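Descriptive analysis of the structure
Spelled out, the chains give:
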Amino acid sequence: MEYLIAFAVGGLICVVGQLLLDVAKLTPAHVMSTLVVCGVVLDFIGVYDPFIEFAGAGATVPIVSFGHALYHGAIAEAKQNGVIGVLTGIFEVTSAGISAAIVFGFLAALFFRPKG
């Protein structure tokens, strides 16, 4: 049942993103930014952690979870190091994901010819 819930929730997040593209006519960059900000806002109001407990990977894999991670990193470091911790926290928590995206993007560029 957990797999079904994760699949349904992840799919609904993707549907929201696709509706923003098709109906609202937003660019992919605007949709991505909107979903990241939604993750931050949902975490700020205390809704995203219970949402993750309910949906599992369906809530942690999509881009909305990146905003959740940014918020958690910024808040944790801000409590320890003050204002400068906000900047260091977002990079500390998300550096693995960003690094993986850069490495895999580079590897994909080596093996495939871009059409653009």
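In what follows, the structure referred to is the one given above.
Description of the structure in this document.

Focus: the nonpolar core
Membership of the largest hydrophobic core is limited to 9 residues, which are Val9, Ile13, Val31, Leu35, Tyr48, Ile52, Ala55, Ala59 and Val64. Breaking this core down by element, the ones donating at least two residues are α1 (2–22), α2 (28–44) and α3 (48–55). Looking at this core, the element that brings in the most residues is α3, giving 3 residues. Setting aside anything within four residues of it in sequence, one finds Ala55 in contact with Ile5, Ala6 and Val9.

Notes on a nonpolar patch on the surface
Together, Val103, Phe104, Phe106, Leu107, Leu110, Phe111 and Phe112 make up a nonpolar patch on the protein surface, roughly 830 Å² of accessible area in all. Residue position: Phe106 is located in helix α6 (residues 83–111).

Overview of the packing of aromatic side chains
Summed over all chains, the structure comprises 2 aromatic pairs. Ring geometry for Phe44 and Tyr71: centres 6.3 Å apart, planes at 85°, overall edge-to-face. Of this pair, Phe44 sits in helix α2 while Tyr71 is found in helix α5 (residues 64–81), placing the two residues 27 residues apart along the sequence. Residue Tyr71 is classed as partly exposed on the basis of its relative accessible area, which comes to 22%.

As for α3
Tyr48, Ile52 and Ala55 are the residues of α3 that are buried. One face of α3 carries all of its buried residues, which in axial projection span an arc of 85°. In α3, those exposed residues whose orientation departs by more than 90 degrees from the buried face are Glu53 and Phe54. Lining the buried residues of α3 we find α1, α2, α4 (57–60) and α5. Among the residues trailing α3, Gly56 stands out with phi positive, at a value near 60°.

Quick notes on the rules
- Residues numbered from 1 in each chain as written.
- Predicted model: local features only at pLDDT ≥ 70, side-chain atom pairs only at ≥ 80, totals over all residues.
- Heavy atoms only, no water.
- Core = buried A, V, L, I, M, F, W, Y, C linked by side-chain atoms within 4.5 Å.
- Buried < 20%, exposed > 50% of the residue type's maximum accessible area, 1.4 Å probe, protein only.
- Helix = DSSP H or I, 4+ residues; strand = E, 2+ residues; numbered from the N terminus.
- Contact = heavy atoms within 4.5 Å.
- Patch = residues over 30% accessible without salt bridge, like charges linked within 9 Å, V, L, I, M, F, W, Y side chains within 5 Å.
- Areas by Shrake-Rupley, 256 points an atom, 1.4 Å probe, with all protein chains shown as cover.
- Salt bridge = Lys/Arg side-chain N within 4 Å of Asp/Glu carboxyl O.
- Phe/Tyr/Trp six-rings, centres within 6.5 Å; stacked < 30°, edge-to-face > 60°.
- Arc of directions from axis to C-beta.

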